[in-house]
Amino acid sequence: MFKRKRKPTPIMTFITLSIITIVLSGFLHLLNVQAEYSTVNKVTGELVNNVVEVKNLFSVSGIRNIVTSAVNNFVNFEPLSTLIIILIGIGVLEKSGFMKTAITLMTKNTKKFTVTFSLIFICLLFSLLGNIGFAIMLPLGALLFKYGRRNPLGGIIATFSALSFGSGINIFLSSMDSSILSLTLNAARTIDTKYTIGTFFALFIMIFMLIVVAFVFTNITEKKIMPRLPRLEDNSEEVVITNKELRGLIIGLACGFVYILIITYMIIPGLPLSGGLLDNNAEFYIDKLFGSGSLFNKGFIFIVTILFIIIGFGYGLMSKTIKNSKDATDSLSYSLDGIGSILVLIFFASLFINIVIQSNIGNVLVAFFANIISGIKFTGIPLILLIVIFVAIANIICPDSLIKWNILVATVVPLLLNASISPEFSQIIYSAGDSMTNGITPVFTYFVIYIAFLNKYYGGDIMTMKNGVRCMVPYSIFISIVWIVVLVGWYMLGVPIGIGSIPGVVYGA
């Protein structure tokens, strides 16, 4: 699938992209590139005009800002802390032998298609947790294929594709969806002050998309990706599961189950001594669970890491793979061995993403598209397709869903509402376009983790960012086709998209 020749490393690619962005920002600033857009005042409900312009980073002050903020941005870069912490727990699972035993049992008599489908399906469901799923599922996806005697690159590719392109498929309202929904409601109420949207407004269309995308992505992985990947050379003997390993598995899972019961009790409101991990000041339960003030949300990676450690230690102590404190300590650092190159890669990725954010190029592009959309005379299907395409393109430079929708919402929602398209369907249209290009943009924060794991398992050779993107292109094409067909079909049929919601609405009826 990949030609082995001299090629730029991901680190050099990030450095090159950073330089290009700095120079481009200076050029665009010289041309006085800026754009206007409207937002909705949360208190008054009135439209507020805003102007965003490209900031010149190709200057003394611009370079100074980049240099002075580089360390803080690296330290606070979300993928860095989440990955390091979760690797501690995964290291215990792998070093103790739990992963090898569990995956061998799961995959030994299971069809490859079923294993891949299950992985992708779980990853699609993980979108409820936002970006946290990348840190958890990418290493687990690699191990699932590795111990299932398949090329772990396939597991990484399948996992990342489902998590990134499936970000707009949420059966239940995620914290990000809740924030986006608040913006949607504010915009809708500029036209109809009494407009309301239910929590399960997209339930039906999301269930349909979940099933369809899981099958489509599984077929892409098995028929397009896996046959073109290098064959896994595995000369190891077949794993034999003895009673000792089975006992370890049972004890490890039992310990983990007790821990999960305790955590579950702590996120159920209204019970004696329960709800301690929730943000009780939030209105919706999803915000209580995953809101910015939720202890469960803030400590989720730590909670999962402790779960992995408990399961791994339970297995290791029973199966005798962990015999003393030295074995326990070694298992805690097992997955962190050789992580230096990943840390360097993350540093330059955080530098590049910070440069893009500081330049404001992405925000200006989104605002520019908002102006184009506001001036068009399309209605119905052409309008839907245009918005989807614009959002997908803008997402390559500005992958932050909340920022994009904050710029677009005051234009898109009233425009579609006046075209007899409901705000609920407007948000789904936005989410569709927002997810179509998630996996092919290096500006997306977790793209660097995907590239890092590809290089870790790519047999000592260099997996370039170009090859990493190339792996994602088939998924991007097919998710775009699926979303467009579903959006157009649902709009034409006019069937409910969720509980109490339909694609169309007759304003003033």
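This is a predicted model, so every value here is computed, not measured.

## Thoughts on the environment of N170
Relative to the helices and strands, N170 is located in the loop between α7 (152–165) and α8 (175–188). As a C-alpha pair, N170 and L129 span 41 residues in sequence and 9.8 Å in three-dimensional space. If we ignore the near neighbours within four places in the chain, the residues touching N170 are S127, L128, D177 and M206. Within the structure, N170 has its side chain in polar contact with the backbone oxygen of S167 (distance 3.5 Å). Only 2.7 Å separates the side chain of N170 from the side chain of D177, close enough to count as a polar contact.

## Some points on the environment of S118
Relative to the assigned elements, S118 resides in helix α5 (residues 112–126). Given the relative accessible area of 32%, S118 is considered partly exposed. Put simply, S118 and L24 are 94 residues apart on the chain and 43 Å apart in space, counted from C-alpha to C-alpha.

## Let's talk about the nonpolar core
Generally speaking, a soluble globular protein has its nonpolar side chains buried in company with each other. Counting residues in each nonpolar core, the largest one holds 155 residues, and the members touching the most others are I136, F425, I428, Y450 and W483. In terms of residues, this core owes the most to one element, helix α6 (residues 132–147), which gives 12 residues. Filtering out sequence-adjacent residues up to four positions away, I428 remains in contact with F201, A202, I205, M206, W483, L487 and I497. Judged by nonpolar contacts, the second largest core, of six residues, contains L57, I66, A70 and L351.

## A look at a nonpolar patch on the surface
Taken together, the side chains of V473, I477, F478, I481 and V485 define a hydrophobic patch exposed on the protein surface, amounting to about 420 Å² of accessible area. In this fold, F478 is placed in helix α21 (residues 465–493). Residue F478 is classed as partly exposed on the basis of its relative accessible area, which comes to 32%.

## What to know about the pairing of strand β2 (residues 47–53)
Within a regular strand, the side chains alternate between the two sheet faces. Alignment of strand β1 (residues 34–40) against β2, held across seven bridges, turns out to be antiparallel. Across the sheet, V40 pairs through a bridge with L47, a residue of β2. Counting the residues in the hairpin turn of β1 and β2 gives six residues, including G45, whose phi is positive at 80°.

## What about the packing of α8 against helix α18 (residues 401–418)?
With their axes 8 Å apart at the nearest point, α8 and α18 run at an angle of 35° to one another. Helix-helix and strand crossings are classified by hand; for α8 and α18 the assignment is right-handed. Contacts from M176, S179, I180, L183, T184, A187 and A188 of α8 reach α18 at S401, L402, W405, N406, V409, A410, V413, P414 and L417. When its residues are assigned to classes, the contact of α8 with α18 shows 12 nonpolar, four polar and no charged.

## Notes on a positive patch on the surface
On the surface, a cluster of positive charge is contributed by K224, R228, K466 and R470. Checked against the element boundaries, R470 lands in helix α21. Note on R470: relative accessible area 34%, which makes it partly exposed.

## Remarks on the packing of aromatic side chains
Here the structure, examined in full by the defined rule, presents 21 aromatic pairs. Put simply, the rings of F134, F160, F444, Y446, F447 and Y450 touch in pairs and so form one group of aromatic residues.

## Description of the packing of helix α4 (residues 98–107) against helix α10 (residues 243–265)
Geometrically, a packed helix pair is captured by the angle between its two axes and the distance between the axes. Running from N to C, α4 and α10 point in directions that differ by 100°, and their axes come no closer than 10 Å. Taken as axis vectors, α4 and α10 run roughly perpendicular relative to one another. The residues of α10 that touch α4, namely those facing F98, T101, A102 and L105, are E245, L246, L249 and L253. Of the residues belonging to the contact of α4 with α10, the class tally is six nonpolar, one polar and one charged.

## What to know about helix α20 (residues 447–456)
Extensive coverage of α20 is indicated by the burial of eight of its 10 residues. If you check which residues of α20 are buried, you get F447, V448, I449, Y450, I451, A452, F453 and L454. Those residues of α20 that are buried lie in contact with α1 (10–30), α3 (78–96), α6, α7, α15 (340–359) and α21.

## Quick word on the pattern of salt bridges
Under the defined criterion, the tally for this structure stands at four salt bridges. With a closest N to O distance of 2.9 Å, E222 and R150 form a salt bridge. You can see E222 sitting in helix α9 (residues 203–225) and its partner R150 sitting in the loop between α6 and α7, a full 72 residues away along the chain. Note on R150: relative accessible area 10%, which makes it buried. Of the charged contacts in the structure, one is a salt bridge between D330 and K326, with a shortest N-O distance of 2.9 Å. Taken together, the residues D330 and K326, both in helix α14 (residues 325–332) and four residues apart, mark about one turn of the helix. The class of D330 is partly exposed, set by a relative accessible area of 32%. We classify K326 as exposed; its relative accessible area is 55%.

The rules behind the values
- Residues numbered from 1 in each chain as written.
- Predicted model: local features only at pLDDT ≥ 70, side-chain atom pairs only at ≥ 80, totals over all residues.
- Heavy atoms only, no water.
- Helix = DSSP H or I, 4+ residues; strand = E, 2+ residues; numbered from the N terminus.
- Contact = heavy atoms within 4.5 Å.
- Polar contact = N/O pair within 3.5 Å; in protein donor to acceptor, adjacent residues only side chain to side chain.
- Buried < 20%, exposed > 50% of the residue type's maximum accessible area, 1.4 Å probe, protein only.
- Core = buried A, V, L, I, M, F, W, Y, C linked by side-chain atoms within 4.5 Å.
- Patch = residues over 30% accessible without salt bridge, like charges linked within 9 Å, V, L, I, M, F, W, Y side chains within 5 Å.
- Areas by Shrake-Rupley, 256 points an atom, 1.4 Å probe, with all protein chains shown as cover.
- Salt bridge = Lys/Arg side-chain N within 4 Å of Asp/Glu carboxyl O.
- Pairing = 2+ DSSP bridges.
- Axes fitted to C-alpha atoms, helices over the stretch in contact; angles between N-to-C directions.
- Left-handed = near helix turned anticlockwise from the far one by under 90°.
- Nonpolar A, V, L, I, M, F, W, Y, C, P; charged D, E, K, R; others polar.
- Lys, Arg positive; Asp, Glu negative; His and termini not counted.
- Charge placed at Lys NZ, Arg CZ, Asp CG, Glu CD.
- Phe/Tyr/Trp six-rings, centres within 6.5 Å; stacked < 30°, edge-to-face > 60°.
- Parallel < 35°, antiparallel > 145°, perpendicular 65-115°, else oblique.

Spatial relationships are all this shows, so hold off on functional conclusions.
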